[in-house]
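Fold and geometry: a report
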Amino acid sequence: MTREDDRILEMLENDGWATPSMLSREAFRSVSEGHVGERLEFLRYAGLVYCVHGDMYKISSEGRMYLTGDLDASHLPTPTVERCLNG
């Protein structure tokens with residue numbers, strides 16, 4: 001998990017849902033939309049977010065548990081680029 005991942009989860013928790021472009025614009029100053037999209041796919045693979053429609057994402061109950069400290073991220077599946085692209 002990265003600081004960017006934590007910020008993405010916090011924004012989704014506060015806003016309800018977001019797209020990579022919204023998160024890139026509102027949560028970060030120097031992180032591209034493409035990179036945010038990649039992080040969202042990693043988070044989706046780990047079960048912390050889910051895709052609602054198209055590129056709209058929401059935080060999952062596991063994502064909420066992670067933010068409150070009730071879920072240890074070391075027990076989550078380890079996302080890789082290959083796993084995310086094939087999953």
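Placed above this text is the structure.
Residues numbered from 1 in each chain as written. Predicted model: local features only at pLDDT ≥ 70, side-chain atom pairs only at ≥ 80, totals over all residues. Heavy atoms only, no water.

**Focus on the pairing of strand S1 (residues 49-53)**
Inclusion rule: For two strands to be treated as a pair, DSSP must find at least two bridges joining them. Helix and strand definitions here come from DSSP, where helices need a minimum of 4 consecutive H or I residues and strands a minimum of 2 consecutive E residues; each element is numbered from the N-terminal end.
The pairing of S1 with strand S2 (residues 56-59) spans 4 bridges and is antiparallel. From the neighbouring strand, Cys51 faces S2, where its bridge partner is Tyr57.

**Thoughts on the side chain of Asp5**
Note the threshold: It only takes one pair of heavy atoms within 4.5 Å for two residues to be counted as in contact.
Position of Asp5 among the secondary structure elements: in helix H1 (residues 3-15). Setting aside residues no more than four positions away along its own chain, Asp5 makes contact with Arg39 and Leu43.

**Here's the deal with the environment of Gly16**
Counted only if it meets this: Accessibility here uses a 1.4 Å probe with only protein chains present; expressed as a share of the type maximum, an area under 20% marks a residue as buried, one over 50% as exposed, and anything in between as partly exposed.
Along the chain, the position of Gly16 falls in the loop between H1 and helix H2 (20-27). Residue class for Gly16 comes out partly exposed when judged on its relative accessible area of 27%. When the C-alpha positions of Gly16 and Tyr57 are compared, they lie 8.6 Å apart, and in sequence the two are 41 residues distant. The residues touching Gly16, leaving out its near neighbours within four places in the chain, are Met11, Tyr57 and Lys58.

**A word on the packing of H1 against H2**
Applied cut-off: Axis lines are fitted to C-alpha atoms, over the contacting stretch for helices. Their N-to-C directions set the angle, which ranges from 0 to 180 degrees. Roughly parallel means an angle under 35 degrees; roughly antiparallel means over 145; roughly perpendicular covers 65 to 115; every other angle is labelled oblique.
Between H1 and H2, the shortest axis-to-axis distance is 11 Å and the interhelical angle comes to 105°. The orientation of H1 relative to H2 falls into the category roughly perpendicular. In this structure, H1 uses Arg7, Ile8, Met11 and Asp15 to contact H2, whose residues at the interface are Leu23, Glu26 and Ala27.

By themselves these figures say nothing about function.
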